[in-house]
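# Working through the structure, step by step
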Amino acid sequence: MTVSVLDRELKKGSAELLVLSLVGDRARHGYEISKLIESRSEGALKFNVASLYPLLYRLEGRGWVQGKWVEKAGQRRRRYYGLTAQGRKVLAVQRKGWVQFAEAMRRITGIAYA
Amino acid sequence: MHDWKQIVRERLTGLRLEGSREAEIIDEIAQHLEDRYQELLASGVSEPEARRIAIESLEASPSFDEALREARAATAPDLPADDAGYLALLYYDLRMALRGMRLKPGFSFMVIGMLALGIAGNAAIFSTFNSLFLKPLPFPDPTRLIDLDETAPKWNLHYVGMAEPDFIAWRDQNTTFDAIAFFQNPDFNLSKLGPAQHIQGAKVTRDMLNVLGLKLVLGRNFLPEEDRPKGEKVALVGYDLWQRLFSGDRNVLGRFITLDNEPYKTIGVLPREAIFPDRAEIWVPLAPNGAEGLTNGWGGHGIGRLKPGVTVQQAWSICYTCTGH
């Protein structure tokens, strides 16, 4: 129950930030993004097909990420998403906002980070 | 290998995306399902179970295709409120507008037509308002310039222009104006200077420059004898016409131009501010003739410059006394 609520609520508020952060250092394909979210959150956050791809297309439509089909030797053709210059600015703003939000939460709730 | 593309295609029926884009989406999601399926197999899950789980991830949201459609419609971005953010929003808006126009061309053209009509109407009204109220006339003391007009009460006409004899009477008995001028606005065919062209001209009495308070760029004003019937045919050339036809040559004085097949000697160049009467590009003497003018009716217009301190009412009462109307 706890994980389910966390999954739903946090994803709703932070899905864009999660995806933008993951493609910030290098381009990644959709499956890779979903696995990274799941593994780095130790299973607390999961993105399935139905939630991940609409989000990616939305970010692409806004010009924050750009998808490119890449065909590597011995691998199947995949669509890799990389951050655009505009997306980089948005990521910086969202990161800053998230830090401020977390700090505000900490002050109010007294929750301390490990 | 499962035909994931067929499974995805069936699931996304009704998405109605562009053909190539839909194929790309199906390709990409099918790839994801295959990756998931292979991962499950590698972790020891049976084939039927791996297939079920993979498909389940596709079915997890009942409104998947709706979410995809919304995503493809590219919702308005939340961008930082800096210049780059505003530019990106502007770009986004333009893109949405073009997309909307393409989807509903009839409606778009109707809206564009209505906008064009509205803008044209506004521009026309503002142009009039601007010239009447905002942009002052380019003449010294413009508030002392008075339009002179006559009335025809028996025809119930308030403004009928001015008759030559009345102009002569007003001018000769004038005590309230610094100067009075009479003018008409004929068109001329200007020829013998390259291709013939139709230009807006003006016939003015020699006091027009004094009334408007203008000084010539070059040359001299009409002489009294030139502003009489059968006087020499001379012309003052407008500034733009001087630039256009003579390339601003200062030796234009004394050269002849042909107006309506009659030669006129150029005796001066008007300043840029000479936008009255009717932005005429050339002035010639009107040469009023009181006797002949009697038969002309109200064939012209009058303009006067009030003496300092004289009111319009005072000028009007004196003019009325001169002619009785």
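Procedures and definitions
Residues numbered from 1 in each chain as written. Chains lettered and ligands numbered in written order. Predicted model: local features only at pLDDT ≥ 70, side-chain atom pairs only at ≥ 80, totals over all residues. Heavy atoms only, no water. Helix = DSSP H or I, 4+ residues; strand = E, 2+ residues; numbered from the N terminus. Buried < 20%, exposed > 50% of the residue type's maximum accessible area, 1.4 Å probe, protein only. Contact = heavy atoms within 4.5 Å. Areas by Shrake-Rupley, 256 points an atom, 1.4 Å probe, with all protein chains shown as cover. Phe/Tyr/Trp six-rings, centres within 6.5 Å; stacked < 30°, edge-to-face > 60°. Lys NZ or Arg CZ within 6 Å of the ring centre and 35° of its normal. Polar contact = N/O pair within 3.5 Å; in protein donor to acceptor, adjacent residues only side chain to side chain. Core = buried A, V, L, I, M, F, W, Y, C linked by side-chain atoms within 4.5 Å. Salt bridge = Lys/Arg side-chain N within 4 Å of Asp/Glu carboxyl O. pLDDT = per-residue confidence, 0-100. Pairing = 2+ DSSP bridges.

## So, the overall build of chain A
Secondary structure summary: chain A contains 4 helices and 3 strands in total. Burial statistics for chain A: of 114 residues in total, 44% are counted as buried. For chain A, long-range pairs separated by at least 24 residues make up 51% of all intrachain contacts whose partners lie at least 6 apart in sequence. Total accessible area on chain A is roughly 6500 Å²; 57% of this is exposed by carbon and sulfur atoms.

## A look at the packing of aromatic side chains
Residue and element names in this part refer to chain A. Considering all chains together, one arrives at 6 aromatic pairs over all chains under this definition. With 5.8 Å between their ring centres and 45° between their planes, Trp98 and Phe101 make a pair best called tilted. Linking Trp98 with Phe101, this pair stays in helix α4 (residues 85-109), spanning 3 residues, or about one helical turn. Against the face of Trp64 rests Arg62, its NZ or CZ located 4.8 Å from the ring centre. The ring of Trp69 carries the charged tip of Arg77 above its face, separated from the ring centre by 3.9 Å.

## Structural notes on the side chain of Arg78(A)
Of note, Arg78(A) is situated in strand β3 (residues 78-83). Only 2.5 Å separates the side chain of Arg78(A) from the side chain of Asp35(B), close enough to count as a polar contact.

## A few points about unusual backbone geometry
Residues and elements named next belong to chain B. In this chain, Phe276 is followed by Pro277 through a cis amide linkage whose omega measures 0°. Along the chain, Pro277 turns up in the loop between β8 (262-269) and β9 (282-285). A positive phi is found at Asp278, a non-glycine position, where the angle reads about 55°.

## A short note on the nonpolar core
Within the largest apolar cluster, 41 residues are counted, with the highest numbers of intra-cluster contacts made by Leu20(A), Ile33(A), Trp4(B), Val8(B) and Ile29(B). Elements supplying a minimum of two residues to this core: α1 (2-22), α2 (30-40), α3 (49-61), β3 and α4 of chain A together with α1 (4-11), α2 (19-42) and α3 (47-59) of chain B. Sequence-distant contacts of Ile33(A), that is, excluding residues within four places in its chain, are made with Val19(A), Leu22(A), Val23(A), Arg28(A), Leu52(A) and Leu56(A). Ranked by size, the runner-up nonpolar core spans 22 residues in total, among them Phe139(B), Met208(B), Val211(B) and Ile267(B).

## Thoughts on the pattern of salt bridges
Going through the model one piece at a time under the given rule, you end up with 23 salt bridges over all chains. With a shortest N-O distance of 2.8 Å, Arg220(B) and Glu226(B) are connected by a salt bridge. What makes Glu226(B) buried here is its relative accessible area of 4%. Residue Arg255(B) is joined to Asp249(B) by a salt bridge in which the shortest nitrogen-to-oxygen separation is 3.4 Å. Overall, the relative accessible area of 35% leaves Arg255(B) in the partly exposed class. Several salt bridges converge on common partners, so that one network encompasses Asp25(A), Arg26(A), Arg28(A) and Glu32(A).

## Observations regarding the confidence of the model for chain B
Fine structural detail should not be taken from predicted coordinates in areas where pLDDT scores are low. Residue-level pLDDT values for chain B average 83, and 84% of them are 70 or greater. In the model output, the complex is listed with pTM 0.48 alongside ipTM 0.83.

## Comments concerning the environment of Arg95(B)
Inspection of the secondary structure puts Arg95(B) in helix α5 (residues 83-103). A distance of 2.7 Å separates a polar side-chain atom of Arg95(B) from the backbone oxygen of Gly61(A).

## Points about the pairing of β8(B)
All names here are of chain B. For strand β5 (residues 218-219) and β8, the ladder comprises 2 bridges, and the chain directions are antiparallel. Residue pairing in the sheet places Leu218 in a bridge with Val269 of β8. Here strand β6 (residues 234-237) pairs with β8 via 4 bridges, running parallel. The residue bridging Ala235 from the neighbouring strand is Thr266, located in β8. Bridging between strand β7 (residues 256-259) and β8 involves 4 bridges; their strand directions are antiparallel. What sits directly across from Leu259, in β8, is Glu262. If you look at the hairpin formed by β7 and β8, you'll find 2 residues sitting between the two strands, and Asp260 has a positive phi there, around 50°.

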